[in-house]
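# Coordinate inspection notes
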Amino acid sequence: MSERDRSNGRRARQLAEDLSVAARERAERVYETAREGAEHVYESAREHAEEAYGVVQDGIDEAHTYLKRQFRQRPLTVAASAIGIGLIIGLALSRGGRR
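These numbers come from a predicted model, not from an experiment. (Residues numbered from 1 in each chain as written. Predicted model: local features only at pLDDT ≥ 70, side-chain atom pairs only at ≥ 80, totals over all residues. Heavy atoms only, no water.)

## Section: the overall build of the protein chain
Condition: Think of it this way: any DSSP run of H or I at least four residues long counts as a helix, any run of E at least two long counts as a strand, and we number them from the N terminus. Radius of gyration means the value over C-alpha atoms here, while the globule rule gives 2.2 Å times the residue count to the 0.38 power. Exposure was quantified through the Shrake-Rupley algorithm and a 1.4 Å probe, taking into account, for residues, occlusion by the shown protein chains and nothing else. Asp and Glu are treated as the negative residues and Lys and Arg as the positive ones, with His and the ends of the chain left uncounted. A charge is said to be at NZ when it belongs to Lys, at CZ for Arg, at CG for Asp and at CD for Glu.
Scanning the protein chain from terminus to terminus reveals two helices and zero strands. Relative to the compact-globule value of 13 Å for 99 residues, the protein chain shows a C-alpha radius of gyration of 35 Å, a clear excess of over 25%. Projected onto its principal axes, the C-alpha coordinates of the protein chain cover approximately 105 × 40 × 5 Å. Surface exposure of the protein chain reaches about 8,900 Å², of which carbon and sulfur atoms provide 61%. Charged side chains of the protein chain number 17 positive and 16 negative; the gap between the two group centres comes to 10 Å.

## Thoughts on the environment of aspartate 58
Tracing the backbone through its elements, the reader meets aspartate 58 in helix α1 (residues 3–73). Separated by 49 residues in the primary sequence, aspartate 58 and glycine 9 place their C-alpha atoms 73 Å from one another.

## Observations concerning the pattern of salt bridges
Where charged atoms from two side chains of opposite charge approach closely, those side chains can pair. Note the cut-off: Should a side-chain nitrogen of Lys or Arg be within 4 Å of a carboxyl oxygen of Asp or Glu, the pair is scored as a salt bridge. We call a residue buried when its accessible area falls under 20% of the maximum for its residue type, exposed when it is over 50%, and partly exposed in between, using a 1.4 Å probe and counting protein chains only.
Across all of its chains, the model carries six salt bridges by this definition. With a closest N to O distance of 3.3 Å, glutamate 3 and arginine 10 form a salt bridge. For arginine 10, a relative accessible area of 43% translates into the label partly exposed. In this structure, glutamate 32 engages arginine 35 in a salt bridge whose closest nitrogen and oxygen atoms are separated by 2.2 Å. With a gap of three residues between them, glutamate 32 and arginine 35 both fall in helix α1, about one helical turn apart. By relative accessible area, which is 29% here, glutamate 32 ends up partly exposed. Each of Glu3, Arg6 and Arg10 takes part in a single network of salt bridges with overlapping partners.

## Here we look at the environment of arginine 72
Its place among the elements puts arginine 72 in helix α1. Residue classification places arginine 72 among the exposed positions, given a relative accessible area of 62%. A C-alpha to C-alpha distance of 51 Å links arginine 72 and alanine 38, two positions 34 residues apart in sequence.

What follows is the structure, given as structure tokens:
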């Protein structure tokens, strides 16, 4: 093997090593960017979920307060409505089982 061939071989190995290092560094940067993006999306989703939970909780509290007030003011109407709603749900469920 000539000196020129050995020199070309060393240069090829060095080039391959340099390319390998560059590819590894680039992959690490891409991974870090993707990880940071995923963290941002997760935090944003968590914040929106907490906000939605608060809104739903407020709605449930308002409905509970309204129902308590209605029950104090109109106990027979509320009881009759509850029985009627229960009857309708029961009939709907029993018909759904026969089909």
